[in-house]
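Chains, contacts and geometry: an overview
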Amino acid sequence: MDASKVIAASVLYEGDPKDMLVRAGKAPRLPERALPIITVPTLAATGSEMNNGAVITIDDEGEKLKTFVKAEVLYPRVAVVDPELTVTVPQNHTAFGVCDIITHVTEGYFNGIDGTPLQDRFAEGVILTVLEWGPKAVSDGSDLEARAQVQWASIVALNGWVQVGTNYIAPVHMIEHTLSALYDIPHGAGLAVVNPAWMRFAARFRPDRFAQFAQRIFSFGSR
Ligand SMILES: [Fe+2]
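Every chain is numbered on its own, with residues counted from 1 as its sequence reads. Restriction of local features to residues with pLDDT of at least 70 applies here, the model being predicted, together with a cutoff of 80 or more for giving and counting side-chain atom pairs; totals for whole chains, interfaces and linings are based on all residues.

1. Looking at the pairing of strand E3 (residues 63-70)
Following DSSP output, two strands are said to pair if at least two bridges run between them. Numbering of helices and strands starts at the N terminus; helices are DSSP runs of H or I of at least 4 residues and strands are runs of E of at least 2. Where strand E2 (residues 53-60) meets E3, 8 bridges bridge the pair, whose relative direction is antiparallel. Its bridge partner being in E3, Asp 59 is matched across the sheet by Lys 64. What sits between E2 and E3 in their antiparallel hairpin is a turn of 2 residues, with Glu 61 showing a positive phi close to 50°.

So, in structure tokens, the structure goes:
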């Protein structure tokens, strides 16, 4: 999906399409036109089917990095979302997808601003939903109900709805993209390692927010 987005923009882009990507020391020159994009996801994870981002790995001329472009013209016109298309995703990639979904909302939850109580609840809703349905999708890939709930969560997690107004940044994704680029790790597997480590690091700076997370997600302190 992400390659298709970049290709759709590259067709109408003047100059080197790599210039639309975020790279060190260079301000991206965003595409202003793109061919119409229709997405058909076969994996519940990235949420790319309903957002304006594309993550791309560059591996040429001694340059190896995983980076991204975000531009208005990259919003798909249509997303054809059918959880039946995800039933053959193997267990490990199903689990990696769930880790990706969780991290998409924890980025905003932990790395956004305070004073966003409704957005906090949206994020918690996404996490609690995939914590309930994700393991079911992993243990029985043909469980269409579980596949459907996880897929809808993947879309909501990164179509902008949860993040709006949080002024968030995504350090966990930036760290993981580097690991993926250099070691060819599946994105969600890398996040499963980096996100808990990030949380241990970041908790000391925002203890109240992490206490809220512990209470609301893991019922910590209420038993
Ligand atoms: Fe991600």
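Having seen the structure, we can now continue with the description.
2. Regarding unusual backbone geometry
The residue Asn 167 is not glycine, and still its phi comes out positive at about 50°. Within the secondary structure, Asn 167 is located in the loop between helix H4 (144-157) and helix H5 (171-183). Positioned with a positive phi, Ser 219 is a non-glycine residue whose angle comes to about 55°. Within the fold, Ser 219 resides in the segment after helix H7 (207-218). Neighbour counting defines burial: a residue surrounded by 20 or more other C-beta atoms within 10 Å of its own C-beta is buried, one with 12 or fewer is exposed, and intermediate counts give partly exposed, using backbone-placed C-beta atoms. The exposed category is assigned to Ser 219, around which 9 C-beta atoms lie within 10 Å.

3. Quick word on the packing of helix H2 (residues 91-111) against helix H3 (residues 117-139)
Two elements in contact, H2 and H3, have axes separated by 9 Å at closest approach and are oriented at 170°. If you check the angle between H2 and H3, you find them roughly antiparallel. Seen from H2, the contacting residues are Gln 91, Thr 94, Ala 95, Val 98, Ile 101, Ile 102, Val 105, Gly 108 and Tyr 109; seen from H3, they are Gln 119, Asp 120, Ala 123, Val 126, Ile 127, Val 130, Gly 134, Ala 137 and Val 138. Residues are grouped as follows: Ala, Val, Leu, Ile, Met, Phe, Trp, Tyr, Cys and Pro are nonpolar; Asp, Glu, Lys and Arg are charged; all remaining types, including Gly, are polar. Residues of the contact of H2 with H3, tallied by class, amount to 12 nonpolar, 5 polar and 1 charged. Only the contacting stretch of a helix is used when fitting its axis, a line to C-alpha atoms as for every element, and angles between N-to-C directions run 0 to 180 degrees. Every angle not falling under 35 degrees, over 145, or within 65 to 115 is termed oblique; those three ranges are roughly parallel, roughly antiparallel and roughly perpendicular. Residue pairs are scored as contacts if the distance between their C-beta atoms, which are placed from the backbone, is within 7 Å.

4. Section: the domain arrangement of the protein
Each domain of the protein was delimited in the assignment, giving domain 1 (2-79) and domain 2 (88-218). On a C-alpha basis, the centroid separation for the pair domain 1 and domain 2 is 22 Å. In this assembly, 13 residues from domain 1 lie in contact with 20 residues from domain 2. For the side of domain 1 that touches domain 2, the element with the most residues is E3, which contributes 4 residues. Residue composition of the side of domain 1 that touches domain 2, grouped by class: 5 nonpolar, 5 polar and 3 charged. Each domain's extent is set by a domain assignment, obtained either automatically or from a database.

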